[in-house]
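These are the residues of each chain, in order.
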Protein chains: 2
Amino acid sequence: MRENVVVIGAVALGPKAACRYKRLNPEGQVIMLDRGNRISYGGCGIPYYVSGDVSDADELQSTSFHMVRDVPFFRDIKAVEARTRSEALGIDRAGKTVRVKNLDTGGEYDLPYDKLVIATGSTPRRLPIPGANLPGVHTVADLDAAVAIRKGLTEGAVGKAVVVGAGFIGLEMAVALADMWGIETTVVEYAPSVLPTVLSPALAAMAQRHMEGKDVSFRLGAQVARIEGEDKARRVVVKTASGEETIEADLVILSVGVTPNSELAKAAGLEVSPRGGIVVNEAMATSDPCIFAGGDCSEIRNLVTGGSFFLPLGSLANRQGRVIGDNLAGLDSRFEGAAGAWCVKLFEQSASGVGLTLEAARRAGFDAVSILVSQFDRAHFYPDKEFMYLELVAERGTRRVLGVQGVCGQGDALVGRIGAVSALMPGKPTTRDLSVLELPYSPPFNSAMDILNVLGNVGDNVLSGRNASIDPFEFDALFDARDAGETFFLDCREGPSAEPLLKAYPGAWHNIPQGQLARRLSEVPRDKKVVLVCNSGARSYEAFVILAHAGFTNVFNVAGGMSSLTNAGVDPKL
Amino acid sequence: MRENVVVIGAVALGPKAACRYKRLNPEGQVIMLDRGNRISYGGCGIPYYVSGDVSDADELQSTSFHMVRDVPFFRDIKAVEARTRSEALGIDRAGKTVRVKNLDTGGEYDLPYDKLVIATGSTPRRLPIPGANLPGVHTVADLDAAVAIRKGLTEGAVGKAVVVGAGFIGLEMAVALADMWGIETTVVEYAPSVLPTVLSPALAAMAQRHMEGKDVSFRLGAQVARIEGEDKARRVVVKTASGEETIEADLVILSVGVTPNSELAKAAGLEVSPRGGIVVNEAMATSDPCIFAGGDCSEIRNLVTGGSFFLPLGSLANRQGRVIGDNLAGLDSRFEGAAGAWCVKLFEQSASGVGLTLEAARRAGFDAVSILVSQFDRAHFYPDKEFMYLELVAERGTRRVLGVQGVCGQGDALVGRIGAVSALMPGKPTTRDLSVLELPYSPPFNSAMDILNVLGNVGDNVLSGRNASIDPFEFDALFDARDAGETFFLDCREGPSAEPLLKAYPGAWHNIPQGQLARRLSEVPRDKKVVLVCNSGARSYEAFVILAHAGFTNVFNVAGGMSSLTNAGVDPKL
């Protein structure tokens, strides 16, 4: 069918929608507009270009086999006309035209469309503070911005850097600066922990400690008041609970979130959410059935909460782009939403998750609990193995899995587990689905009872009242208050493991190996809170069962055991 | 509730069921019987013990924190009584007793039960051939057998070995012998390819070639006729299409499958399938509601075919054990079945899969097709990356995903993908579920369009008639017959990539870069089969669309492109 399709924006979703449509309907004519010079590039690769892992910016704009996706590429290979340096100024929905400005010539013209795709992406937020626009203060806006940042690095002009924002991009940029360029890097974050929207405080502490071990500094719970400085030296002034502090920096990177580019849609009278995302239905159509939108400029349905949310990820943009391509060509494709799967590599640790954290779940109105589990990522007898920490967020009553997040040194192993949970999420899984989840099994890859099965089992036990756990920070608070004598800390490991702590905390730390507990019940006080600790949480659960059977009711396991306390940095110090 | 539970078999499912039950019902009394000395060990770890990766056999019988799971362990830690060297001779269902023989004293007694669990496992098959019981000919029956094999290795008595059977255990044993001990190892397999029940010939060829590169030899399509030899030297006589061959060996390992140990159940009148597996329902109860069975001695439901199958894996045994423990204690737990997920590490390559291969799907009556896709396992611009090969098996019409199998150097990355598909399998996914599957995304872990999304998209295109592909061996057959002139081989890559083959096969190999194809259509014959080749299959798909639009109907892509041809060893040689 001969038809004019215009696509505004040519970075991720735009090209995908354009090319899919063109393959389905070779008769169609597609014109793809972009303000920038560079199109169809992997913006998520920017931190790896800044680090130098990716040597040339062109690689982010290339196919797997090194063809640069530029205007001639789209013309010759994809039969799609791309117009760079071409800004869409407005949409005339009645006349079905887009007003386009050629940014090189200044000339304007009207481009007719039968169907229109808005793929305008998002813009990094700039903080409304003095100095946010000083030279040397960057956002990670696009590949050109990345080229400018790396230029400064290669010229050796940067000895110290401040990254504002401890989200994905902020942390990835901090890793890039500290790891590959040896730059003294400080991350400033308003929230009290890193990755605050996607990780619990306990898991966040594990990730943060690993980065600190690689010489990245953190200022958490810290607000940037202003950025000052003359010549090339910047001073970042931050306010914390303990006062004002000035951090010197040759480079400041602001990564405090992005805002959907929905002005064009709004001006055209399309429905836009209060948060600024273009509203689309499952066909990715806007409130005008001839206009589609997707990627970073739109909102999508959250499969966990049922509401809508803003999740700017290249992976989702690509999937949505194909759906739009289908629907432009008259197929009936649907994008039902997302549960919010993510992952990030931080030096030799990785973090990943899907769905809601405990805090997010409670904010969304769920009566939720979280359960932390630690286990080796492969068979415990296999030579190369690492501890994996997974946290389950589940709803009481229904036992619905609302989210799973984790941290592990073996990133692929962690991401694989989260991927399996993510695959379950559209079906609204319960802890039971995790308990019986079938995963490929062999000792080099997992345990016979995979950590996901264990997570489901522990979740099931906790939600059934057969187990009760506290997280590392809850333990820490109780242990800090140990002199009040209200909590009985019982180490369930064998004697030699418990001995150092017994000596360090006489009277406060107790030891009954779990195998002896049933016959030594009289040593456990019935009028105190009992906190059980072992290595990983498995034996303390056995101890919990024994105490519960003996009528103890105020008993708690330390989830993930000593290993999680140590990794979160809140183990009792010797 | 006071109740006697007897568990026959104490390796994997038995201990799991016993301990779960005991935790749920501490009043219950559990006696666990086993013929052997060693109990509760990870039999799947045997190849890693034989290789020396696991230094001591006790490690396979230990918890993560080095406690050996022996009789005192079960008594003290789990409050379960384990009786080793105790064979169950018979079950009196009317009297509810088990006849037990103490293998040390020879004494016999009746053990009463209220509920009984049969967890008798499986026994490796011995080939019905002369010499199968000669000294130096081993099966991988249990940990004691493994200790005997490794003893021979450490004593330096083995220079050459033959492994009969190219299934999981056979290949893992071959890796153990060749990799860690430098033993000249030959694998003999009756089927024409390795891992014949779980991998397609193309993927199997990739795995085999990798192992050959590590000095493992293969005799495929070869039947062992007899094993001969005097003293310690064995001669394995195999028959192939080309005649009889004798392979010398100091060690022969038979790994030709296992048989469920269901004699006890059968003698007690419990329902046993024609294949010998104990029949159980979703509660894992046998035809006698007081008797449960699971693990290697039973059959379970195949979630893909709907029939029952035999899948002896420690991972499933553990999950089933928990279900049995629940049901013993009066909870209502279900094990619905399995789709058959598996993985195996072969030197630096791994293979993994779930569900049916094309051959198995057709045998099960599905009108199935398979589609091979290759793509980097992470962002193509990320420094460390490897090609991953995935094969989708899907049903025509319904587009149901019947299975996915793959091969990759990054095992965790591959197993993660298969795990995500496995999580989908109970929901009977279609190719569309793969297309929109949400996975955690970041360049160090995957592409914005993950290979699973691509697999779904290509599957969708093929099943919609928008793409048609041939696998590496189909290409090989066509290319072998190239002198007949019936097939036009069209390389769609840029000139420099195609040039070596153009020179090597003048007149047979052709090159039109895909970007020029639309204006060079006249060079493509309309009366021949056209076979399109590029690097990975992506550009040849673009070429396919162009040819289809121009009215060509007899066109096929080489699935996975040159990379899959090369990896399967069937690329046109220069």
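Before any of the text, the structure's been laid out above.
These figures come from a predicted structure and were not determined experimentally. (Residues numbered from 1 in each chain as written. Chains lettered and ligands numbered in written order. Predicted model: local features only at pLDDT ≥ 70, side-chain atom pairs only at ≥ 80, totals over all residues. Heavy atoms only, no water.)

A. Representation of the interface of chain A and chain B in the model. The interface is formed by 92 residues belonging to chain A together with 92 residues belonging to chain B. On the chain A side of the contact with chain B, Arg319, Glu438 and Phe445 of chain A bury the most area, a combined 11% of that side's loss. The tally of links from chain A across to chain B stands at 12 salt bridges. Here arginine 378 of chain B ties to aspartate 412 of chain A by a salt bridge, and the two come within 3.1 Å at their closest N and O atoms. Here chain A is connected to chain B by 39 residue pairs in polar contact (both at pLDDT 80 or more). By residue number, the principal contributor to the side of chain A that touches chain B is helix H10 (residues 411-424) of chain A, which donates 11 residues. Residues belonging to the side of chain A that touches chain B are distributed by class as follows: 42 nonpolar, 26 polar and 24 charged. (Contact = heavy atoms within 4.5 Å. Buried area = accessible area lost by both parts, 1.4 Å probe. Salt bridge = Lys/Arg side-chain N within 4 Å of Asp/Glu carboxyl O. Polar contact = N/O pair within 3.5 Å; in protein donor to acceptor, adjacent residues only side chain to side chain. Helix = DSSP H or I, 4+ residues; strand = E, 2+ residues; numbered from the N terminus. Nonpolar A, V, L, I, M, F, W, Y, C, P; charged D, E, K, R; others polar.)

B. Broad picture of the environment of lysine 573 of chain B. All names here are of chain B. With respect to the helices and strands, lysine 573 occurs in the segment after helix H17 (561-568). On the basis of relative accessibility, which here comes to 47%, the residue lysine 573 falls in the partly exposed class. Expressed as a C-alpha distance, the spacing of lysine 573 and arginine 400, which sit 173 residues apart in the sequence, is 37 Å. From its side chain, lysine 573 meets the backbone oxygen of glycine 569 in a polar contact 3.2 Å long. (Buried < 20%, exposed > 50% of the residue type's maximum accessible area, 1.4 Å probe, protein only.)

C. Inspection of the relation of the copies chain A and chain B at higher detail. The two copies are related by a screw motion: chain A maps onto chain B through a turn of 180° and a shift of 0.0 Å along the axis, at an RMSD of 0.0 Å. The two molecules are tied by a two-fold rotation axis, judged by turn and shift. Most of the interface of chain A is mirrored in chain B, where 100% of its interface residues are also at the interface. (Least-squares fit on C-alpha atoms with pLDDT ≥ 70 in both.)

D. Focus on the pattern of salt bridges. Residue and element names in this part refer to chain A. Here the structure, examined in full by the defined rule, presents 72 salt bridges over all chains. The shortest N-O distance in the salt bridge between aspartate 332 and arginine 334 comes to 3.0 Å. Residue classification places aspartate 332 among the exposed residues on the basis of a relative accessible area of 60%. Classification of arginine 334 by relative accessible area gives partly exposed; the value is 30%. With a closest N to O distance of 3.1 Å, aspartate 367 and arginine 396 form a salt bridge. Placement of aspartate 367 in the loop between helix H9 (358-363) and strand E24 (368-376) and of arginine 396 in the loop between strand E25 (387-395) and strand E26 (401-408) is noted, with a sequence separation of 29 residues between them.

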